[in-house]
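Chains, contacts and geometry: an overview
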Amino acid sequence: MSAINSVVTLNVGGHIYTTSRSTLTSYPDSMLGAMFGGDFDALRDDQGRYFIDRNRTVFEHVLDFLRTSQLVLPEDFKKLPLLEIEADFYQIQPLIEALKSYKARMEQSKEDSCTHDIVFLTLKRRRDVLYHSSISVAIVASSRTVEDMVQDMMKDLKNQYDGKMTHSNVAVLLGRIRDNGFTGVHNYNGLADNQMLTLERKNVQHLSDCK
């Protein structure tokens, strides 16, 4: 098995990507985690690059998610169904859930014309070589105003804790969100390695600010 931090070159549907093995194995239970974790042999092209016969354009979003654990899509993104298919193929469960939340947010925004504020939080616990843990927090919200509010809260907490999010300051973050009228905070499980929370607040006052 190759070193976990080694550089890997991929040929995905004819497009060349370069990343690290540690990125590709971010989620060991995924197909890519198994493929590059040494569980099975991978097909290679005539240049020795790992070959994956899948859609080449949306793979950049798959790879970005593996790097950051955050789903960030352009506002005019038109390939959501295709990205959902690819996430299912690669069996990256947190990405599958993030896409469900993203889709629900988009549909909710259309259905209720932003009569509710909604915040989706994707939490992933990370451990370093000394088994110290931090928590990656991805934020998606129903309006820019709400997303900026939560991002500012998190930035403030990171500044207080050496740039990291831990179980303790995630709990503080959720408390501050709750103090701003959101429900759903009680679903947080500090022992879980990966989880998603949907927080909701009624009576939005910024209807023109919807995404």
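Here, the structure is the one placed above.
Everything numeric here is computed off the predicted structure, so don't read it as measured data.

Pairing of strand β1 (residues 7-12) with strand β2 (residues 15-20) involves 6 bridges; the strand directions are antiparallel. Its bridge partner being in β2, V12 is matched across the sheet by H15. Turn length for the β1-β2 hairpin, with the two strands adjacent in sequence and antiparallel, is 2 residues, and the turn residue G13 shows positive phi of about 60°. As paired strands, β1 and strand β3 (residues 50-52) are joined by 3 bridges and run parallel to one another. Counted as the bridge partner of L10 is Y50 from β3.

Attention now moves to the sheet that holds β1. Pairing within the open sheet is mixed, and its 3 strands lie in the order β2-β1-β3. At either end of the open sheet lies a strand with only one pairing partner, and these are β2 and β3. Mean inter-strand twist for the sheet, computed between neighbouring axes without regard to direction, equals 30°. On the sheet, helix α3 (residues 59-68) packs against β1 and β2 and is oriented at approximately 5° with respect to β2.

A few words on helix α7 (residues 167-179). Under the 1.5 Å per step criterion, the end-to-end length of α7 is 18 Å for 13 residues, consistent within 8% with the ideal 18 Å. All of the buried residues in α7 are N169, V170, L173, L174, G175 and I177. Where the residues of α7 are buried, they touch β4 (116-127), β5 (133-141), α6 (144-160) and β6 (194-202). Where α7 ends, the next residue or the one after it, G181, has phi of about 95°, a positive value.

On to the pairing of β4. Of all 12 residues in β4, 10 are buried, a share of seventy percent or more. Pairing of β4 with β5, which is carried by 9 bridges, proceeds in the antiparallel orientation. When the sheet's bridge partners are listed, V119 is paired in β5 with A141.

Moving on: the packing of α6 against α7. Angle between the axes and distance between the axes: these two values describe a pair of packed helices. At their nearest, the axes of α6 and α7 sit 10 Å apart, and the two run at 145° to each other. Relative to α7, α6 is oriented so that their crossing is right-handed. Side by side, α6 and α7 meet where V150, M153, M154, D156, L157 and Q160 of the first sit next to N169, V172, L173, R176 and I177 of the second. Tallied by class, the residues present in the contact of α6 with α7 amount to 7 nonpolar, 2 polar and 2 charged.

Rules behind the numbers
Residues numbered from 1 in each chain as written. Predicted model: local features only at pLDDT ≥ 70, side-chain atom pairs only at ≥ 80, totals over all residues. Heavy atoms only, no water. Pairing = 2+ DSSP bridges. Helix = DSSP H or I, 4+ residues; strand = E, 2+ residues; numbered from the N terminus. Axes fitted to C-alpha atoms, helices over the stretch in contact; angles between N-to-C directions. Contact = heavy atoms within 4.5 Å. Expected span 1.5 Å × (residues − 1). Buried < 20%, exposed > 50% of the residue type's maximum accessible area, 1.4 Å probe, protein only. Left-handed = near helix turned anticlockwise from the far one by under 90°. Nonpolar A, V, L, I, M, F, W, Y, C, P; charged D, E, K, R; others polar.

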